[in-house]
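Take a look at the letters that make up each chain.
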Amino acid sequence: MTTKAQVSLPSDSEVEVTRDFRAPRTLVWQAHTDPKLAPRWLVGYPGWSMTVCEMDARPGGKYRWRWRSDEDGVEFGFLGEFKEVDKPALLSHHQYYDPGNFDSAMPLDNPCKIRNSFIETDGITTLTTRMDFGSKEARDAAISTGMTDGMEMGYARLDEMFKS
């Protein structure tokens, strides 16, 4: 079982993050698609709060997420549209970065194409997230933000949620 996020770069424009959870995939799926659950774990680094979590997890459904720094009120977010929804196995969406008032190198013009697959074996769910940023420059800019470390911090919170 992989208890920490494993990060790879399958192409010049992609990042792949794989992580195991000791939980049925229906629960891991629900944590990724329920706007009441996501703010409990999808906050990345300590000191940030998820202030907006709107999701309509169906093909063509929209979503909007926004985070705020508890220390200085700086905000940023993401918005997009769900493309494929095959509960509880596959969730793909296009994601646009909304910089708010946060100074970041994240690209603004093209969507990041994200594909999450959920595979369960013997009560362990493997989540594989493949993100295609469209270019090496956009991928490297996203990585430079500490994105994958923030993902693991959120996943550790999700582990704790599954324990209770």
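None of these values were measured; they are calculated from a predicted model.

J.: Give a description of the sheet that holds strand β7 (residues 112-121) that names residues and reports values.
T.: Spatial strand order, β1-β2-β8-β7-β6-β5-β4-β3: eight strands in an open sheet with antiparallel pairing. Edge positions in the open sheet fall to β1 (6-8) and β3 (48-55), since each of these has one partner strand only. Averaged over neighbouring strand pairs, the angle between their axes works out to 20 degrees when direction is ignored. Summarising the sheet, strand β6 (residues 90-98) and β7 pair through six bridges and their orientation is antiparallel. Bridging across to β7, H93 finds its partner in I114. Lying on the sheet, helix α1 (residues 25-33) is in contact with β2 (14-21), β3, β5 (75-86), β6, β7 and β8 (124-132); it crosses β7 at an angle near 155 degrees.

J.: Go over a nonpolar patch on the surface, please, and point to the residues and values.
T.: There is a patch of nonpolar side chains on the surface, built from V7, L9 and I143 and spanning about 230 Å² of accessible area. Along the chain, V7 falls in strand β1. Of the residues examined, V7 reaches a relative accessible area of 45% and is grouped as partly exposed.

J.: Before we move on, can you summarise the pairing of β5 with the specific residues and values?
T.: Two elements, strand β4 (residues 62-69) and β5, share seven bridges in a ladder whose sense is antiparallel. Each residue of the ladder has a partner; that of W67, found in β5, is F76. Here β4 folds back onto β5 in antiparallel fashion, the turn holding five residues, of which G73 has a positive phi close to 75 degrees. Sheet analysis places β5 next to β6, joined by nine bridges and oriented antiparallel. Residue pairing across strands places E84 opposite S92, the latter belonging to β6. A loop of three residues connects β5 with β6, the two strands running antiparallel in sequence.

Cut-offs used in this document
Residues numbered from 1 in each chain as written. Predicted model: local features only at pLDDT ≥ 70, side-chain atom pairs only at ≥ 80, totals over all residues. Heavy atoms only, no water. Pairing = 2+ DSSP bridges. Helix = DSSP H or I, 4+ residues; strand = E, 2+ residues; numbered from the N terminus. Axes fitted to C-alpha atoms, helices over the stretch in contact; angles between N-to-C directions. Contact = heavy atoms within 4.5 Å. Patch = residues over 30% accessible without salt bridge, like charges linked within 9 Å, V, L, I, M, F, W, Y side chains within 5 Å. Areas by Shrake-Rupley, 256 points an atom, 1.4 Å probe, with all protein chains shown as cover. Salt bridge = Lys/Arg side-chain N within 4 Å of Asp/Glu carboxyl O. Buried < 20%, exposed > 50% of the residue type's maximum accessible area, 1.4 Å probe, protein only.

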